[in-house]
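Each chain is listed here by its residues.
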Amino acid sequence: MKEFVKWIEDNNKDYEKYMQLTDSLDDFLRNYVIIDEDVVHGIFSNLINVLANCDEISYEEQGMEYAYVILHFIERYRRFQKIIMFLLREGVLRLKDVYRFLDIGTGPAPAIFAFSDIVSCFNEYNSTKESVEFLPDYVELSHSFRHWLHHFVEFLWVKHGPDSYNVPFHHGTFLDYEKIEFNEVSFSFHINGQEFTQYRKSPLKHRYNTIFFSNFLTTGDTVDRFESQIIETAKWALNDSIIAVIGAPGSKSNKYKEVYDRVDELLNNRRLGNYKFIAHSYKVTMPQEEFYFDYSDKFGVRLKEFYKSILIHCGTFTDLDKYPKEKNLFNSVIDESYAKVNTWQVNVYKKHSRLRRGIHGGRTQRHITDSSQHQST
Ligand SMILES: C[S@@+](CC[C@H](N)C(=O)[O-])C[C@H]1O[C@@H](n2cnc3c(N)ncnc32)[C@H](O)[C@@H]1O
């Protein structure tokens, strides 16, 4: 995939996609979202909170999702473009006929948008051959983000066509990661006169081969809290899956170092098999784990223009001097001399699995007596 990534860079495809998304977001926010003083108040009263406590808040308060989108969406979209291109270039993420992608803690889905755009670039690059399929899904607890996605994707489809962005228009499958079920049990009901019968249906199996924890595991405690779900996620991942954990660099933050160490304990060299499969996961050694967003390159310059446009637009509804800290925050980033570099880290685990020999005669006695092995895939 090295040649493909080179083709993207030589033809500025990543920048083209970045520009289209940024222009569209600017249009959507100014013409459909920020339409009165109340919305401006919702955004400005949440900006500092979103910046300082983005991993603690619930994103259900009015305006919080918009504040997050304005501050983080475009910068993070670029993060994921860089991550996906890097993983493809290094052969960590291999070419697949179908990417069954799960984004955990998707928020406004910068990871899904970036992946969708890269797959669409690949299909353009490879136009004489069969298209690669991208099947995205997500886990997101905040209804505000789920609604945001619903409306923004609808807007994008009207503006750029229904094939432009392959991002779940109808809400993603999972709400709370704590309650995630990769084998979803459901029932059907039959009423006949006075008789009511309940049937257990065959479990709906949710399976993925590319899984991102995108700025979701932010403290060692979060990893502990979701320990069993993280293991389940790896256990039900398909053969040759990758699981990427993305967050701030562990070299600069003890909090994140703890996250990565804890995830390593869970997923590095872990046996994940059951009575049908031999499976394990391991950490991939990569030449680079840290990445950066540079406010002084052309991507950064466009982001500054976007902030400026939103600031000016908000100022048409109310006097922004009411929010001095927030206004200063925008003004300092918009300044031409602002050249901050944001860094982040990616750790990747691979999962391999293969069928055990001789399982096709049904379960052996050993499997029937050991309840921990009773998982079919
Ligand atoms: C820091 S944001 C990351 C958003 C996005 N992935 C990004 O990279 O910008 C964390 C997200 O996880 C979601 N979240 C928090 N707890 C959750 C849970 N138990 N289940 C699902 N989503 C959760 C939050 O609502 C929020 O959207």
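Residues numbered from 1 in each chain as written. Predicted model: local features only at pLDDT ≥ 70, side-chain atom pairs only at ≥ 80, totals over all residues.

Draft legend 1. Up close: the packing of helix α5 (residues 64-89) against helix α7 (residues 143-160). As a packed pair, α5 and α7 sit with axes 9 Å apart at the nearest point and diverge in direction by 60°. As summarised for this structure, α5 and α7 are arranged oblique, according to the angle between their axes. Relative to α7, the crossing made by α5 is right-handed. Together, Met64, Glu65 and Val69 of α5 and Ser144, Phe145 and Trp148 of α7 make up the contact between the two elements. Classifying every residue of the contact of α5 with α7 gives four nonpolar, one polar and one charged. (Axes fitted to C-alpha atoms, helices over the stretch in contact; angles between N-to-C directions. Helix = DSSP H or I, 4+ residues; strand = E, 2+ residues; numbered from the N terminus. Parallel < 35°, antiparallel > 145°, perpendicular 65-115°, else oblique. Left-handed = near helix turned anticlockwise from the far one by under 90°. Contact = placed C-beta atoms within 7 Å. Nonpolar A, V, L, I, M, F, W, Y, C, P; charged D, E, K, R; others polar.)

Draft legend 2. Spotlight on the nonpolar core. With 90 residues, the main nonpolar core has Ala67, Ile84 and Phe115 as its most contacted residues. If you tally residues by element for this core, the top one is α5, at 15 residues. When residues of this core are assigned to domains, at least three fall in each of domain 1 (1-130 + 141-175 + 296-339) and domain 2 (177-281 + 349-357). Residues in contact with Phe115, not counting those within four places in the same chain, are Phe80, Ile84, Phe101, Phe134 and Pro136. (Core = buried A, V, L, I, M, F, W, Y, C linked by C-beta atoms within 7 Å. Buried ≥ 20, exposed ≤ 12 C-beta atoms within 10 Å, placed from the backbone. Domains from an automatic or database assignment.)

Draft legend 3. Local environment of helix α6 (residues 110-125). Taking 1.5 Å per residue as the helical rise, α6 with its 16 residues ought to reach 22 Å, and the 23 Å between its terminal C-alpha atoms agrees with that figure. Counted residue by residue, α6 has 12 buried out of 16 residues, so it is predominantly covered. Buried residues of α6: Pro110, Ala111, Ile112, Phe113, Ala114, Phe115, Ser116, Asp117, Ile118, Val119, Cys121 and Phe122, and no others. Each element contacted by the buried residues of α6 is listed here: α1 (2-10), α2 (13-33), α5, β1 (98-104), β2 (133-139) and β7 (210-214). (Expected span 1.5 Å × (residues − 1).)

Draft legend 4. Looking closely at the domain arrangement of the protein. Assigned domains within the protein: domain 1 (1-130 + 141-175 + 296-339) and domain 2 (177-281 + 349-357). For domain 1 versus domain 2, the distance between C-alpha centres works out to 26 Å. The interface of domain 1 with domain 2 comprises 16 residues on the first partner and 17 residues on the second. Counting residues per element, the side of domain 1 that touches domain 2 draws most heavily on β1, which supplies six residues. Classifying every residue of the side of domain 1 that touches domain 2 gives nine nonpolar, three polar and four charged.

Draft legend 5. View of the packing of α2 against α7. Where α2 meets α7, the axes come as close as 11 Å, and the angle between the chain directions of the two elements is 115°. Taken together, the axes of α2 and α7 are roughly perpendicular relative to one another. Handedness of the α2/α7 crossing: right-handed. Residues Ser24, Phe28 and Tyr32 of α2 pack against Phe152, Phe155, Leu156 and Lys159 of α7.

Draft legend 6. A look at the site of the ligand. The immediate surroundings of the ligand are formed by 21 residues, with Gly105, Gly107, Leu141, Tyr177 and Ser214 found nearest. When residues of the shell around the ligand are traced back to their parent elements, those giving at least two are α5 and α6. Here the shell around the ligand is composed, by residue class, of nine nonpolar, seven polar and five charged. Taken domain by domain, the makeup of the shell around the ligand includes at least three residues from each of domain 1 (1-130 + 141-175 + 296-339) and domain 2 (177-281 + 349-357). (Near = placed C-beta within 6 Å.)

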